[in-house]
Amino acid sequence: MKKLLFLIPLFLFAYDVNLTNLLVKPKSYVRDFYLTEFIKETNNSSLAFKAYHALYKKRMKHLKILSKFDFFKPMYQCVNPSRKDIRNIDIACILDNGLWLSSMAKLSPKDLSYLYSNLPEGKEKEAVWAFLNHNYSKIFKNRDLGYYFILNYPSKVIDQEINDFSPFYDKYFHLFVKSVVKHDLPKIQISLNKIPYKHFGDKTKWWLFINALSLGDEKRAVKILKSVEKKKSKHYFWLWRLTKKDKYLDKLLNNPRVDFYTLYAHEEKNIPFDIRHKVVYDTIKNPKYVQTDPWDVLKFWDEFRKRRDLYKFAKELDSQKSEALKALVLDKAHHYRVNYFITPKMYSDQNKSFQAFVYAIARQESRFIPASVSSSYALGTMQIMPFLVRAMKGDVFGQFDYNQNVHLGVKHLKWLFSKLHNPLMVAYAYNGGIGFVKRRVIPVFKYKGKYEPFLSMEKVLYDESREYGKKVLANYVIYSHIFGDKNVTLHELLGKTKK
């Protein structure tokens, strides 16, 4: 009987597996994905807790799932209290960041007064006072309170002139500046544009540069960029755009690695990149690792981190069954100075432009590894979230197969194109969601202007989406050329003409 209790229903998995066997698998996001699905399906609270306790990374989503059991409801209520529950939860929940500032801002005066009376001294109580009195003049006098607001509630209501930023001069200051710039708080931006910049690290300098450029202070922006110690392609790109000096363009042209900035520069001079898309010659019938097996992929990553003889390792993976893995090994073996854009046989379309976009997304999402599982449990080559798989009537446990996963990814991309039309916006939406794009990107994104659309691209709100869009566009151009459409360029996609 005891053994039967541990059996996971067979419909959950493509193969027979029980919880006991799952728990001996290595701690990883792969195992967490299966454990999470088990917690969703089981009606046994003891087994659910056992699976929860075994998670590699516990998240709020797990407590939300567990809240279907009465025992776990108070725990979830603590980390995610609703406004109506504010008087029923332990005050310690507020101190553990259980109440977001955005939720606190919506509380009634009575509830705010209740919190103010019961909270001990600290940033939470000071935040309640600010909301209760609609007075935010003191929040940047205190380091902890200032960071609390600027990182969690960068609303227009807190925008103000700041004469002294010294309490925030620490290793997190780049996050302070970034939040101000991304959320367009003009009074704080003007204040930031007055502070000295030379003693800051490169991360802070980058956002001080974006701040200066947003304010139209091109002279200061160039000075800040020049002071960056370890310049990357984005720094050289902007120095080239702002100064028109060939020495910065040459830095981009001499960089063998394809990225958004170097590709744009190569297009400017009609200089092609060296692209390699064939890496497999099928000399190995049974490779050491199979890319469709998530547990094999975990073992591959473990060995990949340790191996030094990478060319030999690549030969051990010379099979269609491990093509994506071999490409990763070769990339590292060549110190990332050779551009591998493999073309596994996963999707074909008469519309070569759309086919190229599918490959562009797949490369960025998973580097074409079918058995990929992200930290948020996005699945497969196209990294589709389980809720979206279900919404599209797909099999959550069949997503490590090219055919099933790519079919759903293509379906989703076609829907996004029908709503957004623009490849860059579709890329942002694939990563951050269409709601994010419609609410937070399109209303502020500019295609026309002295620094546009590049400045708008640098200020996209979500960090991951910001970089994702640039990488997907570069991938899209490369794959368009591989599939025979030479007309797709960054210049054409961004509405720019070559100089």
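Summary of the structure given here. (Residues numbered from 1 in each chain as written. Predicted model: local features only at pLDDT ≥ 70, side-chain atom pairs only at ≥ 80, totals over all residues. Heavy atoms only, no water.)

What to know about the pattern of salt bridges
- Going through the model one piece at a time under the given rule, you end up with 24 salt bridges.
- Here Lys73 ties to Asp70 by a salt bridge, and the two come within 3.2 Å at their closest N and O atoms.
- Judged by relative accessible area, Asp70 falls into the exposed class, the value being 59%.
- A salt bridge links Lys125 to Glu121; the nearest nitrogen and oxygen atoms lie 3.5 Å apart.
- Judged by its relative accessible area of 12%, Lys125 falls in the buried class.
- Here Glu121 falls in the exposed class, since its relative accessible area comes to 69%.
- Within the structure, one salt-bridge network assembled from shared partners comprises Lys288, Glu303, Arg307, Asp309 and Glu316. (Salt bridge = Lys/Arg side-chain N within 4 Å of Asp/Glu carboxyl O. Buried < 20%, exposed > 50% of the residue type's maximum accessible area, 1.4 Å probe, protein only.)

Overview of helix α26 (residues 434–441)
- For α26, every residue scored as buried is listed here: Ile434, Phe436, Val437 and Val441. Here the buried residues of α26 occupy an arc of 160° about the axis, which is enough to place them on one side.
- Packed against the buried residues of α26 are α24 (402–420), α25 (423–432) and α28 (463–482). (Helix = DSSP H or I, 4+ residues; strand = E, 2+ residues; numbered from the N terminus. Arc of directions from axis to C-beta. Contact = heavy atoms within 4.5 Å.)

Focus: the packing of aromatic side chains
- On inspection of all chains with the given rule, the structure shows 55 aromatic pairs.
- Look at Phe33 and Tyr34: their rings are 5.0 Å apart centre to centre, the planes differ by 50°, and that puts the pair in the tilted class.
- Judged by relative accessible area, Phe33 falls into the buried class, the value being 1%.
- Ring geometry for Phe165 versus Phe176: centroids 5.9 Å apart, planes at 90°, classification edge-to-face. Pair noted here: Phe165 is in the loop between α11 (143–152) and α12 (173–182) and Phe176 is in helix α12, with a separation of 11 residues, a long-range link. (Phe/Tyr/Trp six-rings, centres within 6.5 Å; stacked < 30°, edge-to-face > 60°.)

So, unusual backbone geometry
- With an omega dihedral of 0°, the bond running from Glu452 to Pro453 counts as a cis peptide bond.
- Look at Tyr336: it is not a glycine, yet its phi comes out positive at around 60°.
- Tracing the backbone shows Tyr336 in the loop between α21 (323–333) and β2 (339–340).
- One non-glycine residue, Lys393, lies in the positive phi region at around 65°.
- Within the secondary structure, Lys393 is located in the loop between α23 (386–391) and α24.

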